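# Observations on chain architecture
Each chain, letter by letter, is given below.
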Amino acid sequence: MKNIAVIGSGTMGNGIAHVFAQHGFSVALIDISEDALKKALTTIEKNLDRQVAKQTLTEEGKKQTLQNIKTFTQLKDGVANADLVVEAATENVELKLNIFKEMDSYAKPDAILSTNTSSISITKIASVTKRPDKVIGMHFMNPVPVMKLVEVIRGYNTTDEVTNTIMDMSKKLQKVPVEVNDYPGFVANRILMPMINEAIYSLYEGVAGVEEIDTVMKLGMAHPMGPLQLADFIGLDVCLSILRVLHDGFGNPKYAPCPLLVNMVQAGHKGVKSGSGFYQYTAGSKDLIVAKQFTK
């Protein structure tokens, strides 16, 4: 398997394309927006420059990585020669189902179709294709070039052969793949999102402020980043979507998203991407300015 197609050129998509290209794969990066693709290539080049500065990559390696990436605005053209397609679009069920229907019709019959979803059922996604045995989850962590974990999620019909192929491929990317089964939130977000939600409830109920909650978790639990700052980095809209998947999937009120999170997303405060979440951020940067003050 040498030809990879990545659908979506946002934070996760460009990171996935970067990693595959750096490890010698030919990558077709697909997005409906030419501007988004240009931005993605700029981001990839900046991240490669950081690797060169840290002497973890040579200038020749950077040049070859960029040469391994071609961009497409038409899904049909981008997936035509792919041995593996990785969908990395927004965490929206209907959008992903529509993309997979289209992917299935244009990809080679023996191509594996994967999704970077962080919570949506692989089995449900696979059900809209004619190859449910070849559909699997590849949940990379952000930032993709740095984080080692890949959750490999097998749907109800995913074969052992496909699972083993993706496990082996993840290792070729110098990642650590962990095989999990297809239940809401898988492992990472089934554990992480309730923690983030509880941190938001602690803020909402006035137990402590933003910085205080994050400091307790950083210094008391040795977390590299507090849960509220982490939520900002993930995207509050993404956190809300995942919590709703957990709530709908299990029917358990413990997964119900905090009303403060719902209000913030509705008001457009989505974290780093919008410049405002639980913290304020410098425009165009992830640098914190100040923690926000909240009342009910």
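Remember, predicted model here, so these are calculated numbers, not experimental data.

Next up on the list: the overall build of the protein. In terms of helices and strands, the protein carries 12 helices and 10 strands. Against the globule reference of 19 Å for 296 residues, the protein gives a C-alpha radius of gyration of 19 Å, in line with a compact fold. Overall size of the protein, expressed as C-alpha extent along the three principal axes, is 55 × 45 × 35 Å. Taken over 296 residues, the protein has a buried fraction of 47%. Carbon and sulfur atoms make up 52% of the accessible area of the protein, which totals about 14,400 Å².

Moving on to the UniProt feature "binding site: NAD(+)" (unreviewed entry) in the protein. Per the UniProt record, "binding site: NAD(+)" (unreviewed entry) is annotated on G8, S9, G10, T11, M12, G13, D31, E91, K96, S118, N142 and K273. Looking at where S9 falls in the secondary structure, it is placed in the loop between β1 (3-7) and α1 (11-22). If we skip the residues at most four places from it in the chain, S9 touches N14, L29, I30, D31, A36, L37 and A40. For G13, the position within the fold is in helix α1. Excluding its chain neighbours within four sequence positions, the residues that come into contact with G13 are V6, G8, L29 and A88.

Take the environment of I30 next. Among the secondary structure elements, I30 is positioned in strand β2 (residues 26-30). In this structure, the C-alpha to C-alpha distance between I30 and S9, residues 21 residues apart in sequence, is 6.7 Å. Residues within four places of I30 in sequence aside, it is in contact with A5, V6, I7, G8, S9, L37, F72, Q74, L75, G78 and V79.

Helix length check: helix α2 (residues 34-53), at 20 residues, gives a terminal C-alpha distance of 29 Å against a target of 28 Å (1.5 Å per residue), a fit within 8%. The set of residues buried in α2 consists of L37, A40, I44, L48, Q51 and V52. Down the axis of α2, the buried set is contained in an arc of 120°. They therefore lie on one face. Turned more than 90 degrees off the buried face of α2, the exposed positions are D35, K38, K39, K46 and A53.

For the rest of this paragraph, the subject is the pairing of strand β8 (residues 176-181). Both strand β7 (residues 149-154) and β8 contribute to a ladder of 6 bridges, which runs parallel. Looking across to β8, one finds that I153 is bridged to V180. Read as a crossover between parallel neighbours, the route from β7 over helix α7 (residues 160-172) to β8 is right-handed.

The two faces of strand β5 (residues 112-115) match: I112 and S114 on one face and L113 and T115 on the other face are all buried. In the sheet, strand β4 (residues 84-87) pairs with β5 via 4 bridges, with the strands oriented parallel. The partner of E87 across the bridge, within β5, is T115. What joins β4 to β5 is helix α5 (residues 93-106), and the crossover it makes is right-handed.

Counted according to the given criterion, the structure contains 6 aromatic pairs. Measuring from centroid to centroid gives 5.7 Å for F278 and F294, while their planes differ by 50°, and the two rings are tilted. Note that F278 is positioned in the loop between α12 (259-266) and β9 (279-281) and F294 in the segment after β10 (288-291), a separation of 16 residues in sequence. With relative accessibility at 0%, the residue F278 sits in the buried group. Following the ring pairs from residue to residue traces out a cluster consisting of F20, F25 and F140. In this structure, K2 packs its charged tip against the face of F25, placed 5.4 Å from the ring centre.

Right, let's talk about the sheet that holds β8 for a bit. If you trace the 8 strands from one edge of the open sheet to the other, you get β3-β2-β1-β4-β5-β6-β7-β8, paired in mixed fashion. The open sheet has two edge strands with one neighbour each: β3 (69-72) and β8. When the angles between neighbouring strand axes are averaged without regard to direction, this sheet yields 25°. The pairing of strand β6 (residues 135-140) with β7 spans 5 bridges and is antiparallel. The residue bridging I136 from the neighbouring strand is R154, located in β7.

What counts, and where the lines are drawn
- For every chain, the first residue of the written sequence is number 1, and numbering continues from 1 along that sequence.
- For a predicted model such as this one, the threshold for reporting local features is a pLDDT of at least 70, and the threshold for listing and counting side-chain atom pairs is 80 or more; totals across whole chains, interfaces and linings nevertheless cover every residue.
- By convention in this description, side-chain values take in all heavy atoms of the structure and omit both hydrogens and water.
- By the criteria applied, helices consist of DSSP H or I runs no shorter than four residues and strands consist of E runs no shorter than two, each listed in order from the N terminus.
- Restricting the calculation to C-alpha atoms gives the radius of gyration, and the globule rule supplies 2.2 Å times the number of residues raised to the power 0.38.
- Buried, partly exposed and exposed residues are distinguished by accessible area as a fraction of the type maximum, computed with a 1.4 Å probe on protein chains only: under 20%, between the cut-offs, and over 50%, respectively.
- The Shrake-Rupley method, run with a 1.4 Å probe sphere, supplies the accessible areas, and residue values consider only the shown protein chains as cover.
- UniProt positions are given in the numbering used here, feature names are shortened, and annotations may be inferred rather than shown by experiment.
- Contacts between residues were defined by any pair of non-hydrogen atoms, one from each residue, lying within 4.5 Å.
- To estimate how far a helix should reach, multiply one less than its number of residues by 1.5 Å.
- Each direction from the helix axis to a C-beta atom contributes to the arc, which is the arc of those directions.
- DSSP-based pairing: two strands are paired if at least 2 bridges between them are found.
- Call a crossover right-handed when, viewed with both strands pointing away from you, the route from the first strand across the helix to the second goes clockwise.
- Classification of ring pairs rests on two measures: the distance between centres of Phe, Tyr or Trp rings, Trp counted by its six-membered ring, which must be within 6.5 Å, and the angle between planes, read as stacked under 30 degrees, edge-to-face over 60 and tilted in between.
- Throughout this description, the term charge over a ring refers to an Arg CZ or Lys NZ atom that lies within 6 Å of the ring centre and within 35 degrees of the ring normal.
- Axis lines are fitted to C-alpha atoms, over the contacting stretch for helices. Their N-to-C directions set the angle, which ranges from 0 to 180 degrees.

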